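Coordinate inspection notes
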Amino acid sequence: MVPVLAGIALLAAPTGCLPDDRQIDDLERIKRLRSQLEDYYKTNDSFPESLDGFSPERSAWGHAFAYRSDGESYEVRSLGRDGRVNDCSTRTDICGDLDADSVATNKGWACFCSK
């Protein structure tokens, strides 16, 4: 009986700071979007109002990327597993927190899985 309980405890244990493959995939997707946004800026002297026509359109979690821009700056955000906006102002490394948002701006990364 004890080995069974130990196995259940092991399955329920948090993953700590181990990245999920979807977090790593989101990082790569956002890198591609950032490159496209920078190219757009070089051609148009402003960032686009939306991500319409840009690829990829969805995060590794299946949610549309959240995006906002005033033309001079932008923020692109993957909403994580839960699909909701989560504050990342208190930390930047989100590895292992599957609901955390990956966030990039034209200035750099605000929150991301750095592993």
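It should be noted that the structure appears before, not after, this text.
Conventions we followed
- Residues numbered from 1 in each chain as written.
- Predicted model: local features only at pLDDT ≥ 70, side-chain atom pairs only at ≥ 80, totals over all residues.
- Heavy atoms only, no water.
- Buried < 20%, exposed > 50% of the residue type's maximum accessible area, 1.4 Å probe, protein only.
- Helix = DSSP H or I, 4+ residues; strand = E, 2+ residues; numbered from the N terminus.
- Pairing = 2+ DSSP bridges.
- Axes fitted to C-alpha atoms, helices over the stretch in contact; angles between N-to-C directions.
- Contact = heavy atoms within 4.5 Å.
- Lys, Arg positive; Asp, Glu negative; His and termini not counted.
- Salt bridge = Lys/Arg side-chain N within 4 Å of Asp/Glu carboxyl O.

Turning next to the pairing of strand β2 (residues 74–78). Along a regular strand, successive side chains alternate from one face of the sheet to the other. Of all five residues that make up β2, five are buried, and the element is covered over most of its length. Going residue by residue along β2, you find Y74, V76 and S78 tucked away on one face and E75 and R77 tucked away on the opposite face as well. Note: strand β1 (residues 66–69) against β2, four bridges, orientation antiparallel. In the strand pairing of β2, R68 is matched with E75. The turn joining β1 and β2, which pair antiparallel and follow one another in sequence, is formed by four residues; a positive phi near 95° is taken by G71. Where β2 lies against strand β3 (residues 102–105), four bridges are found, and the strand directions are antiparallel. Residue pairing in the sheet places R77 in a bridge with V103 of β3.

Reading across the sheet, the four strands line up as β1-β2-β3-β4 and stay open at both edges, with antiparallel pairing between neighbours. Each edge of the open sheet carries a strand with a single partner, namely β1 and β4 (108–111). Shown here is a sheet whose adjacent strand axes are inclined to one another by a mean of 15°, direction ignored. Along the sheet, helix α2 (residues 21–44) contacts β1, β2, β3 and β4; its crossing angle with β2, the most-contacted strand, is approximately 160°.

Turning our attention to unusual backbone geometry. In this structure, P56 follows S55 across a cis peptide bond, with omega equal to 5°. Located in the positive-phi region is D45, a residue other than glycine, with phi close to 60°. Turning to its location among the elements, D45 is positioned in the loop between α2 and β1.

Another point: the side chain of D26. Relative to the helices and strands, D26 is located in helix α2. The charged side chain of D26 is buried without a salt bridge, its nearest counter-charge being R29 at 4.7 Å. Those residues in contact with D26 that lie beyond four places of it in its chain are S59, A60, W61, F65, S78 and S102.

Position of S78 relative to the elements: it lies in strand β2. Note on S78: relative accessible area 1%, which makes it buried. S78 has contacts with D26, I30, S59, W61, F65, D101 and S102, leaving out every residue within four places of it along the chain.

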